[in-house]
Protein chains: 2
Amino acid sequence: MTQIDRTMSLVRRAVDERISQAIAERRDEWSDAGPAAAELLDAAADLLGGGKRMRAVLAAIALSATADSARREDVLSGRACAGLGAALELYQASALIHDDVIDGALTRRGLPAAHRRFATAHRGSHWLGDAEAHGRSAAILLGDLLLSAAGSELGAALAQCPQGTRAAGRAAFDAMAEEVALGQYLDVRTESLPLPDEGADHAAAGRAMEEAALAVVRRKSARYSVMHPLLIGALLGGLPPHGEGARRLAELGEATGIAFQLRDDELGVFGDPARTGKPAGDDLREGKRTVLLALAWQRCDAGGRAILRRVLANTRADPAEIAAAAAIIEECGARAAHEERIDEHAERARRALEALITAEAGLSRSATADLASVISLLTDRSA
Amino acid sequence: MTQIDRTMSLVRRAVDERISQAIAERRDEWSDAGPAAAELLDAAADLLGGGKRMRAVLAAIALSATADSARREDVLSGRACAGLGAALELYQASALIHDDVIDGALTRRGLPAAHRRFATAHRGSHWLGDAEAHGRSAAILLGDLLLSAAGSELGAALAQCPQGTRAAGRAAFDAMAEEVALGQYLDVRTESLPLPDEGADHAAAGRAMEEAALAVVRRKSARYSVMHPLLIGALLGGLPPHGEGARRLAELGEATGIAFQLRDDELGVFGDPARTGKPAGDDLREGKRTVLLALAWQRCDAGGRAILRRVLANTRADPAEIAAAAAIIEECGARAAHEERIDEHAERARRALEALITAEAGLSRSATADLASVISLLTDRSA
């Protein structure tokens, strides 16, 4: 087992256990609420049973980054890391549930999306009213519950951390959650904007599209998936909030997160559905304004743009149309340019790690090695 | 000006100012997010411009309850009370926005509900996709944003409170938000359940309905509207979390909150629309399973139940049908029995206040007087 595998396995086990306990505590506390509490908590447990715990692992690596080698594994699998990881996973579950309501998603982590689960239960019980509306309502409330439960779990984790680190850790967590809501709105809003019309300056329109896409990537995904978990963990591990170390770690996290999301966007068009678990072309059908799309818009001709227009936000685009759009994105050089962008961000992340080591932030050699592994894992992945 | 009026005026002014600052800080911080941030924050500012600040006032009375008379007004209008009040108001705005999506409400605080505001903007800008779905999505995200912003504001308030009180105050806030989500789900779920069929034991069915209605009142409304604000404020003011004082204050808060909500339910059927601001009978049309309805179910005959069945969850019930249902509720004695319930809870609240004084929790005379005023204001109101 490589070191990063060992780290991931320790963290995942502790976080899984803490999540199970959190759910069990609520079953106990709400036992007088009848089947309603069980319905919510069963749905939460099923959703939280899945997931790669990526944010929890990142946070634990950062929280334990200055622990000496004798203590490192105890910290990685200890109560502070487990609680913080559980808080991040509960928050992530909350965001996914609301995101799925917004996108009308069918499945999540191989299960029916929460709103569909509740709608199915409504129909199965022959309840009154509209099953779909009920499903959405229940999912909104389950998301709200998990967002607040994340706050409660964070509180339990903070109790395990030095007094002086708590306020900064909590503030970073709340700021993360605010930024994700803003980022999701940016995303929803951008998808609603009409495409530039054919008379426009396409290079300029494409660059504006690229900038808007990057703003969404940064706020909805990159910082949230990588930067914030690292920073929150590091703050709770005692890293000074405004020093050189925090600045470098933020840079590392944001760059890794952007590369990760761009790779994800590329897989959304060119990925093998058998490996990614999502149908090819769904991002195009949803009309997602990705950096990849923006690069294509700058490079292709009127014919190519017409092909792209035909599939974008067209939920009924057929596989041949999707394949034609993917071919355009490839042939105009957008895919290659996108690959370069990913490499640039990954390289920026590696340079930030070098700078972090030089900054003498007190990182252990194991933490440094884990961070290097994480950069590779998140930016090179093919599924 | 009476003392409670003076208290309310001091708190409201400080909280209003803090809310304005919180919004202004976010405008600044997100100035690079283009019009999207402004769209969210404008909607938040308009919604937060309304509201009676009831929870903020309760929290401030409790937070300042042991301050001596020389300091009391400074505490009431100081940064801890203002921050806690702002956090409670932001949280309330978040819950209202999600509640309005769930109920498909048209207006809130005299303005279009948030989801309708965003749908109207979508149509006005000729954006792509379904305006109603966009409105709902944006409102879900604005609610999420305000829920997390409430957490951030609470953090700022906690920084003004003694170190030793912070964790308990935060835990109580997070537990409140979790309980409200559960309570809202209980409410949504209860409205979906079929009414007992005509062959059932109506007294037993009515009692079960009453118990279910009280569980919703307690979790969705009573504790949240009154008990939790009082307790969170008191904890931050230094009240020991597990002592006699906290127990009595919780009792006072829960009983006042139940009486408040039962009065609200009564006004939902018998209130004067010109004074309550809501159309008479809307609770019946929505199929809300209130204690009042449960009391009627236990008392009326098959003919009466048939009239009730006709309007419950029937969004097209006409004014004559609504009037007939209201008449049944009155004539069978349910309204009078409901009035007795309200009096019992109000009386329980007053006894808890007596016990709180006897418990020597260190309450100032001004705090005692304000609490007595609050019990009257919240349980006697007619609009």
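Our structure is the block above this text.
Residues numbered from 1 in each chain as written. Chains lettered and ligands numbered in written order. Predicted model: local features only at pLDDT ≥ 70, side-chain atom pairs only at ≥ 80, totals over all residues. Heavy atoms only, no water.

Draft legend 1. Region of the structure containing the overall build of chain A. Along its length, chain A carries 17 helices and 2 strands. For 383 residues, the compact-globule estimate of 2.2 N^0.38 gives 21 Å, and the C-alpha radius of gyration of chain A, at 22 Å, lies within 12% of that figure. Overall, the C-alpha framework of chain A stretches about 65 × 60 × 35 Å when taken along its three principal axes. When burial is assessed residue by residue, chain A has 57% of its 383 residues classed as buried. (Helix = DSSP H or I, 4+ residues; strand = E, 2+ residues; numbered from the N terminus. Rg over C-alpha atoms; globule rule 2.2 N^0.38 Å. Buried < 20%, exposed > 50% of the residue type's maximum accessible area, 1.4 Å probe, protein only.)

Draft legend 2. Local environment of unusual backbone geometry. Residue and element names in this part refer to chain A. The backbone phi angle of R53 is positive, close to 60 degrees, even though this residue is not glycine. Within the secondary structure, R53 sits in the loop between α2 (35–49) and α3 (54–63). Classification of R53 by relative accessible area gives buried; the value is 5%.

Draft legend 3. Looking closely at the interface of chain A and chain B. Taken together, the contact between chain A and chain B spans 50 residues of the former and 50 residues of the latter. Taking both partners together, chain A and chain B bury about 4500 Å²; carbon and sulfur atoms supply 64% of that area. The largest contributions to the chain A side of the interface with chain B come from L141(A), E178(A) and Y185(A), which together make up 16% of the buried area. Taken together, chain A and chain B are joined by 8 salt bridges. Linking chain A with chain B are 16 residue pairs in polar contact (both at pLDDT 80 or more), by the criterion used here. (Contact = heavy atoms within 4.5 Å. Buried area = accessible area lost by both parts, 1.4 Å probe. Salt bridge = Lys/Arg side-chain N within 4 Å of Asp/Glu carboxyl O. Polar contact = N/O pair within 3.5 Å; in protein donor to acceptor, adjacent residues only side chain to side chain.)

Draft legend 4. Highlighting the packing of helix α13 (residues 291–299) of chain B against helix α16 (residues 334–358) of chain B. Residue and element names in this part refer to chain B. Following both chains from N to C, one finds α13 and α16 inclined at 130 degrees, their axes separated by 9 Å at the closest point. Here α16 runs oblique to α13, going by the angle between their axes. Considering the relative orientation of α13 and α16, their crossing is right-handed. Seen from α13, the contacting residues are V291, L292, L295, A296 and R299; seen from α16, they are A334, R335, A337, H338 and R341. Class assignment for the residues of the contact of α13 with α16 results in 6 nonpolar, 1 polar and 3 charged. (Axes fitted to C-alpha atoms, helices over the stretch in contact; angles between N-to-C directions. Parallel < 35°, antiparallel > 145°, perpendicular 65-115°, else oblique. Left-handed = near helix turned anticlockwise from the far one by under 90°. Nonpolar A, V, L, I, M, F, W, Y, C, P; charged D, E, K, R; others polar.)

Draft legend 5. The arrangement of the packing of helix α13 (residues 291–299) of chain A against helix α14 (residues 302–311) of chain A in detail. Residues and elements named next belong to chain A. Closest axis-to-axis distance for the α13/α14 pair is 9 Å, and the angle between their directions is 150 degrees. With respect to each other, α13 and α14 are oriented roughly antiparallel. When you trace α13 past α14, the crossing you get is left-handed. Listed contacts from α14 to L293, A296 and W297 of α13 are R305, L308 and R309. Of the residues assigned to the contact of α13 with α14, the class counts are 4 nonpolar, no polar and 2 charged.

Draft legend 6. Region of interest: the pattern of salt bridges. For the coordinates displayed, the defined rule picks out 70 salt bridges over all chains. The partner of E198(A) in a salt bridge is R305(A), and the shortest N-O contact between them spans 3.0 Å. Of the two residues, E198(A) is situated in the loop between α8 (163–192) and α9 (202–236) and R305(A) in helix α14; the sequence distance between them amounts to 107 residues. A residue is classified by how much of its surface remains accessible, and E198(A), at 36% relative accessible area, is partly exposed. Residue R305(A) is classed as buried on the basis of its relative accessible area, which comes to 6%. Between K220(B) and D99(B) there is a salt bridge, with its nearest N and O atoms 3.9 Å apart. Note that K220(B) is positioned in helix α9 (residues 202–236) and D99(B) in helix α5 (residues 79–103), a separation of 121 residues in sequence.

Draft legend 7. Summary view of the relation of the copies chain A and chain B. Superposition of chain A onto chain B requires a rotation of 180 degrees combined with a translation of 0.0 Å along the rotation axis, giving an RMSD of 0.0 Å. The transformation relating the two chain copies, once decomposed into turn and shift, fits a two-fold axis. (Least-squares fit on C-alpha atoms with pLDDT ≥ 70 in both.)

Draft legend 8. Spotlight on the nonpolar core. One finds Y91(A), L142(A), Y91(B) and L142(B) to be the most contacted residues of the largest nonpolar core, which totals 186 residues. Residues in contact with L142(B), not counting those within four places in the same chain, are L40(B), A43(B), A44(B), I97(B), A114(B) and F118(B). One finds W297(B), V311(B), L312(B) and A337(B) within the second-largest nonpolar core, a separate group that totals 32 residues. (Core = buried A, V, L, I, M, F, W, Y, C linked by side-chain atoms within 4.5 Å.)

Draft legend 9. Region of interest: the packing of aromatic side chains. According to the stated counting rule, one finds 6 aromatic pairs over all chains in the structure shown. Aromatic pair Y91(A) and F173(A): ring centres 6.2 Å apart, planes at 70 degrees, arrangement edge-to-face. Remark: F173(A) occurs in helix α8 and Y91(A) occurs in helix α5 (residues 79–103); sequence separation between them is 82 residues. Here Y91(A) matches F173(A) in class, with each residue buried. On the basis of an interplanar angle of 85 degrees and a centroid distance of 5.5 Å, the ring pair of Y91(B) and Y224(B) is categorised as edge-to-face. Within this pair, whereas Y91(B) is found in helix α5, its partner Y224(B) is found in helix α9, the two being separated by 133 residues in sequence. Assigned by exposure class, Y91(B) and Y224(B) land together as buried. Each member of the aromatic cluster is reached from another via a ring pair, and the members are Y91(A), F173(A) and Y224(A). The ring of Y224(A) carries R55(A) above its face, with NZ or CZ at 4.3 Å from the centroid. (Phe/Tyr/Trp six-rings, centres within 6.5 Å; stacked < 30°, edge-to-face > 60°. Lys NZ or Arg CZ within 6 Å of the ring centre and 35° of its normal.)

Draft legend 10. Here's a closer look at helix α2 (residues 35–49) of chain B. All names here are of chain B. An ideal rise of 1.5 Å per residue puts 21 Å on 15 residues; α2 measures up with 21 Å between its terminal C-alpha atoms. Along α2, the positions that sit buried rather than exposed are A36, A37, L40, L41, A43, A44, L47 and L48. The buried side chains of α2 occupy one side of the element, clustering within an arc of 155 degrees when seen end-on. Of the residues one or two after α2, G51 is the one with positive phi, at around 100 degrees. (Expected span 1.5 Å × (residues − 1). Arc of directions from axis to C-beta.)

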